[in-house]
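Inside the fold
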Amino acid sequence: AFFGGAVSIIGSNVTSCSARYNGGVNYAWDSESLSVAGVDFIDNRADTSGSVLYLDKLRQRTSISDASFTGNTAGDDNDGATIQTDKPIDWDCRLGSWMPTEGSLKDNFS
């Protein structure tokens, strides 16, 4: 979503999406906001970074709740992030408050 409005991904399984560069599932740049709720992201890929989400210059904070990330890969040696963002994320973490809120999030987590 470039220069877009609000984007929501709700109540679904997102599997085997890919991108040549960034954002295997969603690349949001200079958009309004992104909300993710009740979604399982499985085996998605980006060649550079953000195997699931690549977020840059969003006008409102991204929110993620009740989501899991399994088997997503980015980069030549899987050294890219699962989520790449330049702003904090509102994260409803089921495991407590340990989840980082900005920067690069790598690996499987739910």
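Located above this text is the structure these notes cover.
Structure report, in brief. (Residues numbered from 1 in each chain as written. Predicted model: local features only at pLDDT ≥ 70, side-chain atom pairs only at ≥ 80, totals over all residues. Heavy atoms only, no water.)

We now examine the sheet that holds strand E5 (residues 45–46). Adjacent strands of a sheet form backbone hydrogen bonds with each other and so pair up, either parallel or antiparallel. With parallel pairing, the three strands of this open sheet are ordered in space as E2-E5-E8. Each edge of the sheet is formed by a strand with only one pairing partner; in this case those strands are strand E2 (18–19) and strand E8 (73–74). Note: E2 against E5, two bridges, orientation parallel. Bridge pairing in E5 links Ser18 to Arg45. (Pairing = 2+ DSSP bridges. Helix = DSSP H or I, 4+ residues; strand = E, 2+ residues; numbered from the N terminus.)

What follows concerns the sheet that holds strand E10 (residues 89–92). Here four strands make up an open sheet; going across it, the order is E1-E4-E7-E10 and the pairing parallel. Looking along the sheet, the strands with just one partner apiece sit at the ends: strand E1 (6–15) and E10. Ignoring strand direction, the axes of neighbouring strands in this sheet form an average angle of 25 degrees. Summarising the sheet, E1 and strand E4 (residues 33–42) pair through nine bridges and their orientation is parallel. (Axes fitted to C-alpha atoms, helices over the stretch in contact; angles between N-to-C directions.)

So, on to the packing of aromatic side chains. Taken as a whole and assessed by the stated rule, the structure comprises three aromatic pairs. Seen in terms of ring centroids, Tyr27 and Tyr54 are 4.8 Å apart; in terms of plane orientation they differ by 25 degrees. Their pairing is stacked. Residue Tyr27 is located in strand E3 (residues 26–29), and its partner Tyr54 is located in strand E6 (residues 53–56); the two are separated by 27 residues in the primary sequence. For Tyr27, a relative accessible area of 25% gives the class partly exposed. Their ring planes at 20 degrees and their centres at 5.1 Å tell us that Phe41 and Phe69 sit as a pair that is stacked. Of this pair, Phe41 sits in strand E4 while Phe69 sits in strand E7 (residues 62–70), placing them 28 residues apart in sequence. On the basis of relative accessible area, Phe69 is assigned to the buried category, the value being 1%. (Phe/Tyr/Trp six-rings, centres within 6.5 Å; stacked < 30°, edge-to-face > 60°. Buried < 20%, exposed > 50% of the residue type's maximum accessible area, 1.4 Å probe, protein only.)

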